[in-house]
Amino acid sequence: MSSFDITRYSQAAREICAAGGFLYASGWSPATSSNYSRRIDSAHVAITVSGRHKGRLSEADVMVVDLDGQPVQSDCRPSAETLLHTVIYRDRPDVGAVLHTHSVKATVLSRLIPDGEALILEGYELQKAFAGVSTHEGQVTVPVFANTQDIAALAGETRQWLANNPEAPGYLIRGHGLYTWGRDMDECLRHVEAFEFLFDCELETKRVRP
């Protein structure tokens, strides 16, 4: 049976619980929506158990899966979207945390982007909050994937896109929410905050300049 370091699991679970409290309080992860994960080691990921309220997470609400998304030493059911997390960890050894949120702004903005197009963020000072971005003068491309219950197929789509765009800090699922990642939980949370500010700017721009 696959084994993992229990101390590292506990630390990962605490980080996930703290992130859940912050994201819920910010209004970006209402009720049982969203899912969060933290790498434990090269073969294991701590991830939220399916259907748990994100504002009231405890370590009992965090389980371990392998990089195929299969539970490890647990009878709990992981998030239905676990594969969207594990494909990132599998291909990106530098990634230590992945957060999926369901904010109003991300959900609405994703529905306003025409099919086949991406959201282009350009000219914002806060673009520099994303890892690897050093100037506001470039573009941050945020793809918008169609929502589907076929998570395996969606994981394949996102994996291919990220292989071709390794500098990308996140993506949207139409009418659903945001996925973003970072070297650790702090960087990942910084990315969520930056995205939410930029989404707000984009929506406000569309409101005053339709």
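Keep in mind the model is a prediction, meaning the values are calculated, not measured.

Trainee: For this particular structure, what's the right way to read the side chain of Glu187?
Mentor: Inspection of the secondary structure puts Glu187 in helix α5 (residues 185-208). Judged by its relative accessible area of 4%, Glu187 is buried. Setting aside residues up to four positions removed in sequence, Glu187 forms contacts with Ala131 and Gly182.

Trainee: Would you mind going over the sheet that holds strand β7 (residues 144-145) with me for this structure?
Mentor: One key point about sheets: their strands pair by backbone hydrogen bonds, in either a parallel or an antiparallel sense. The seven strands are arranged β3-β2-β1-β4-β9-β8-β7 in an open sheet whose pairing can be described as mixed. Either end of the sheet is taken by a strand with one partner, and the two such strands are β3 (62-66) and β7. With three bridges joining them, strand β1 (residues 35-39) and strand β2 (residues 44-48) adopt antiparallel strand pairing. Its bridge partner being in β2, Ser37 is matched across the sheet by Ile47. Packed onto the sheet, helix α1 (residues 6-25) meets β1, β2, β3 and β4 (97-101) and runs at close to 150° relative to β1. Across the sheet, helix α3 (residues 104-112) touches β7, β8 (170-173) and β9 (177-182), and the angle it forms with β8 is around 75°.

Trainee: Got a minute to help me understand the packing of aromatic side chains in this structure?
Mentor: The tally for this structure, following the rule as stated, stands at seven aromatic pairs. An angle of 20° between the planes, with centres 5.3 Å apart, marks the rings of Tyr171 and Tyr179 as stacked. The structure contains a cluster of three or more aromatic residues connected by ring pairs, namely Phe145, Tyr171, Tyr179 and Trp181.

Trainee: Mind showing me how you'd approach the packing of α3 against α5 here?
Mentor: Packed helices, taken two at a time, are described by the angle between their axes plus the distance between the axes. Contact geometry for α3 and α5: axes closest at 10 Å, N-to-C directions at 50°. In this view, α3 runs oblique relative to α5, as classed from their interaxial angle. At the point where α3 passes α5, the crossing takes the left-handed sense. Here α3 contributes Lys105, Ala106, Val108, Leu109 and Leu112 to the contact with α5, which in turn contributes Glu196, Phe199, Asp200, Glu202, Leu203 and Lys206.

Trainee: Is there a simple way to think about the packing of helix α2 (residues 82-91) against helix α4 (residues 151-164) in this case?
Mentor: Contact pair α2 / α4: the axes reach a minimum separation of 9 Å and the direction vectors enclose 35°. Between α2 and α4 lies a crossing whose hand is right-handed. In contact with Leu83, Leu84, Val87, Ile88, Arg90 and Asp91 of α2, α4 contributes Ile151, Ala152, Leu154, Ala155, Thr158, Arg159 and Leu162. By residue class, the composition of the contact of α2 with α4 is nine nonpolar, one polar and three charged.

Trainee: Sorry, what's going on with α1 here?
Mentor: Every α-helical turn comprises 3.6 residues, leaving residues that sit three or four positions apart pointing alike. Over its 20 residues, α1 extends 29 Å from the first C-alpha to the last, a length consistent with the 28 Å expected when each residue adds 1.5 Å. Looking only at α1, the buried set comprises Tyr9, Ser10, Ala12, Ala13, Ile16, Cys17, Ala19, Gly20 and Leu23. Tucked inside the fold, the buried residues of α1 contact β1, β2, β3, β4 and α5. Where α1 starts, the residue carrying a side-chain oxygen 2.8 Å from the main-chain nitrogen of Thr7 turns out to be Asp5. Of the residues flanking the end of α1, it is Gly27, one or two places downstream, whose phi is positive at about 85°.

Trainee: What am I meant to see in unusual backbone geometry here?
Mentor: Across the chain, the bulk of peptide bonds are trans and the bulk of non-glycine residues have phi less than zero. Even without glycine at this site, Ser34 takes up a positive phi of about 80°. Within the secondary structure, Ser34 is located in the loop between α1 and β1. Unusually for a residue other than glycine, Gln73 sits at a positive phi of about 55°. You can see Gln73 is positioned in the loop between β3 and α2. Here Gln73 falls in the partly exposed class, since its relative accessible area comes to 49%.

Reading the values: the criteria
- Residues numbered from 1 in each chain as written.
- Predicted model: local features only at pLDDT ≥ 70, side-chain atom pairs only at ≥ 80, totals over all residues.
- Heavy atoms only, no water.
- Helix = DSSP H or I, 4+ residues; strand = E, 2+ residues; numbered from the N terminus.
- Buried < 20%, exposed > 50% of the residue type's maximum accessible area, 1.4 Å probe, protein only.
- Contact = heavy atoms within 4.5 Å.
- Pairing = 2+ DSSP bridges.
- Axes fitted to C-alpha atoms, helices over the stretch in contact; angles between N-to-C directions.
- Phe/Tyr/Trp six-rings, centres within 6.5 Å; stacked < 30°, edge-to-face > 60°.
- Parallel < 35°, antiparallel > 145°, perpendicular 65-115°, else oblique.
- Left-handed = near helix turned anticlockwise from the far one by under 90°.
- Nonpolar A, V, L, I, M, F, W, Y, C, P; charged D, E, K, R; others polar.
- Expected span 1.5 Å × (residues − 1).
- Polar contact = N/O pair within 3.5 Å; in protein donor to acceptor, adjacent residues only side chain to side chain.

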